[in-house]
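Tertiary structure, described
Here is how the chains run, residue by residue.
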Amino acid sequence: MKELMLGNKAFARGLYEAGCAVASSYPGTPSTEITEEAAKYDEIYCEWAPNEKVAMEVAFGAAMAGKRSFCGMKHVGLNVAADPLYTASYTGVNAGMVIAVADDAGMHSSQNEQDSRHHAIAAKVPMLEPSDSAEALAFVKLAYELSEEYDTPVIVKMCTRVSHCQSLVETGERVEVAKPYVKNIAKYVMMPGNAKKRHPFVEERTEKLREWAETADINRVEMGDTKIGIITSSTSYLYAKEVFGENASVLKLGMVNPLPVKLIKDFAAKVDKLYVIEELDPIIEQHCRALGLDVIGKELLPMIGEFSQNLIAEKLGLPDKASCTLDEQLPMRPPAMCSGCPHRGVFYTLNKNKCTVLGDIGCYTLGAVAPLSAMHMTLCMGGSVSSIHGFNKALGSEAEGSTVAVIGDSTFMHSGMTGLANIAYNQSNSTVIILDNSITGMTGHQQNPTTGYNIKGDPAGKIDLEALCKSMGFNRVRVVDPYDLKAMDAAVKEELAANEPSVIISRRPCVLLKYVKTNPALSVDNEKCRGCKACMKLGCPSISFRDGKAHIDATLCTGCGVCQQLCHFDALK
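Let me sum up the structure you'll find in this document.

How each quantity is defined
- Position labels on residues start from 1 in each chain and follow its written sequence.
- It should be noted that, the model being predicted, local features are given only for residues of pLDDT at least 70 and side-chain atom pairs only at 80 or more, the latter also being counted only at that level, while totals for whole chains, interfaces and linings use all residues.
- Here the side-chain values reflect all heavy atoms present in the structure, with hydrogen atoms and water set aside.
- Helix and strand definitions here come from DSSP, where helices need a minimum of 4 consecutive H or I residues and strands a minimum of 2 consecutive E residues; each element is numbered from the N-terminal end.
- In this scheme, a residue with accessible area under 20% of its type's maximum is buried, one over 50% is exposed, and one in between is partly exposed, where area comes from a 1.4 Å probe on protein chains only.
- In this analysis a 1.4 Å probe is tested at points of a 1 Å grid over the protein atoms alone, and where it fits but cannot get out there is a cavity; an open set with protein on both sides within 12 Å along at least five of seven lines is a pocket; lining residues have an atom within 4 Å of a point.
- Grid points are joined across faces, edges and corners, and a volume is the space filled by probe spheres set on the points.
- Polarity classes work like this: nonpolar for Ala, Val, Leu, Ile, Met, Phe, Trp, Tyr, Cys and Pro, charged for Asp, Glu, Lys and Arg, and polar for all others, with Gly in that last group.
- Residues enter a nonpolar core if they are buried and are Ala, Val, Leu, Ile, Met, Phe, Trp, Tyr or Cys, with the set joined through side-chain atoms within 4.5 Å.
- Here, two residues are considered to be in contact whenever any of their heavy atoms come within 4.5 Å of each other.
- To get an axis, a line is fitted to the C-alpha atoms, and for a helix only the part in contact is used. The angle between two axes follows their N-to-C directions and goes from 0 to 180 degrees.
- For classification, angles of less than 35 degrees are called roughly parallel, those exceeding 145 degrees roughly antiparallel, those between 65 and 115 degrees roughly perpendicular, and all remaining angles oblique.
- Less than a right angle of anticlockwise turn of the near helix away from the far helix marks a crossing as left-handed, whereas a clockwise turn marks it as right-handed.

Moving on to unusual backbone geometry. Note that the residue after N257, namely P258, is joined by a cis bond; omega there is -5 degrees. Mapped onto the fold, P258 is located in the loop between β12 (255-257) and α12 (262-269). Along the chain, A370 connects to P371 via a cis peptide bond; the corresponding omega equals 5 degrees. Within the element layout of this structure, P371 appears in the loop between β14 (356-359) and β15 (377-378). Even without a glycine there, the phi angle at S234 is positive, about 50 degrees. Among the secondary structure elements, S234 is positioned in helix α11 (residues 234-244). For S234, a relative accessible area of 6% puts it in the buried group. In the Ramachandran plot, K354 falls in the positive-phi region, its phi being about 55 degrees despite a non-glycine side chain. Looking at the element boundaries, K354 is found in the loop between α15 (343-352) and β14.

In this model, the largest pocket occupies a volume close to 810 Å³. Lining of the largest pocket is provided by 31 residues; of these, P335, A336, M337, C338 and P541 occupy positions nearest its centre. Across the lining of the largest pocket, the residue classes break down as 23 nonpolar, 6 polar and 2 charged. When its volume is computed, the second largest pocket comes out at roughly 430 Å³. Taken together, 33 residues line the second largest pocket, and the ones lying closest to its centre are Y26, I361, G362, M381 and T411. Looking at the lining of the second largest pocket, the elements with two or more residues in it are α4 (75-80) and α18 (409-426). Element by element, the count of residues in the lining of the second largest pocket is highest for α18, at 5 residues. Here the residues of the lining of the second largest pocket sort into 12 nonpolar, 18 polar and 3 charged.

A few words on the nonpolar core. In terms of nonpolar packing, the biggest core is built from 59 residues, with F347, L350, V406, F412, L420 and I434 touching the most fellow members. Leaving out residues up to four positions away in the same chain, L350 has contacts with C355, V357, V404, V406, I433 and V492.

Following both chains from N to C, one finds helix α1 (residues 7-17) and helix α7 (residues 133-150) inclined at 30 degrees, their axes separated by 7 Å at the closest point. Judged on the interaxial angle alone, α7 and α1 are roughly parallel. The element α1 and its partner α7 pack so that their crossing is right-handed. Between α1 and α7, the residues in contact are G7, A10, F11, R13, G14, L15 and E17 and S133, A136, L137, V140, K141 and Y144, respectively. For the contact of α1 with α7, the residue count by class is 7 nonpolar, 3 polar and 3 charged.

Structure follows, in structure tokens:
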């Protein structure tokens, strides 16, 4: 049966058909929907892990036990999971283990642009790269076969366009796979004596996989006009085909690590001029140059951002092949926290108190945007809590009374706990605000260890944040409703003035959660409104300014009442 599927949904279908039994992931755009879709199959046990390192270790344990396993993440998540990945390359697997990593060229929802092919090369594990939904499904099934045949984890590299675009997929039936677990200390216990013996296996495996890549169907040559030859992969293949059609010959690579040698040399010998088209870093291009081939690549094409057929047509001198463009520039729509967002009151208070705010990864990162302008650093998951400790140790009392760290509940569980333990252990006078909106908001409302529900919405274990912080040695732990600006202001002032580390838990559920009931929308009494713009300081998308008066959009307003607390003229009803 054929069906139109998102790339991520097709990937999940591939997991189902391949007999995957255990899936553990951490949500991260653009990879999140793979695990959400996989959770719809009762045959696959699925979970959200606290972070990507844990997810990969869960998947490894399941594969070692003899069941096909999966873990999924975005590109920066693979950094977190690198520790088990690099050693799992040495141990190998029992049943197949497949890892999804979704790169985000163009940084649609990420703090950096990163080419995950580097991790595959450094870890010495095979990486497949589909270009559409049909290949996503097929490559997952192939990845399990390769994993078991060559005794290795296999990475399938997605990207934003493949993950979130649709194409036709032909579905099949599920195949159950189970292998017996056999104790093997030399294979699985990676102390130095055993690891030294496994390293030669890894190098031999890489060469065997390279030989396989020479004739693999997923690395295919499409001969056209031999004046131009193009080596490419992923979505760049689709763009190149749209621009050149039969006016060029194409070597489409489905396996991007290890790369073939003879196949590339033979293809290069058949064309007059050779181009390499690949997003981000010149991995394929450098491989070709190492083979002594004269290729054209990054001297024409950028190492930054997503490609498109328009960009390729322009850079390769075929502007007439560009697709249509809009005649007018669309107006910019600046990002903003939602109307009624519980984080807004926190950032308003921090801005008002002129705090230095070390931030973290989540939708609350928008606290850096005007008019709140209340965040001064965002580095990585959990980075706020560790960084405030270093910041305060460096500057001492000069910073302690005015610096806070902010981190979401899901991010805190991901990698904030160890930073908080460091504050408790090494005793910096630091104030950490946990923004507990009872969900993982940025990636689309996934559960986490603090919510009390699992990936299917069933009751699960629930971490008590207050008890956790107190058990780490924090005497000052308080919970505040961020809609109450006076209470929030008092909490910030008192904890910054305290001469010991402290935690403020700002607790109110995300206003977009289905179970959250909002209040009636507010309206403006134009007779009382003085046009002072105090309410505009919140940056709420429901509030605008018209004809010298505040105006509230009733279709957006949730009636949270935060703006009412700023109006000195009782104009908001």
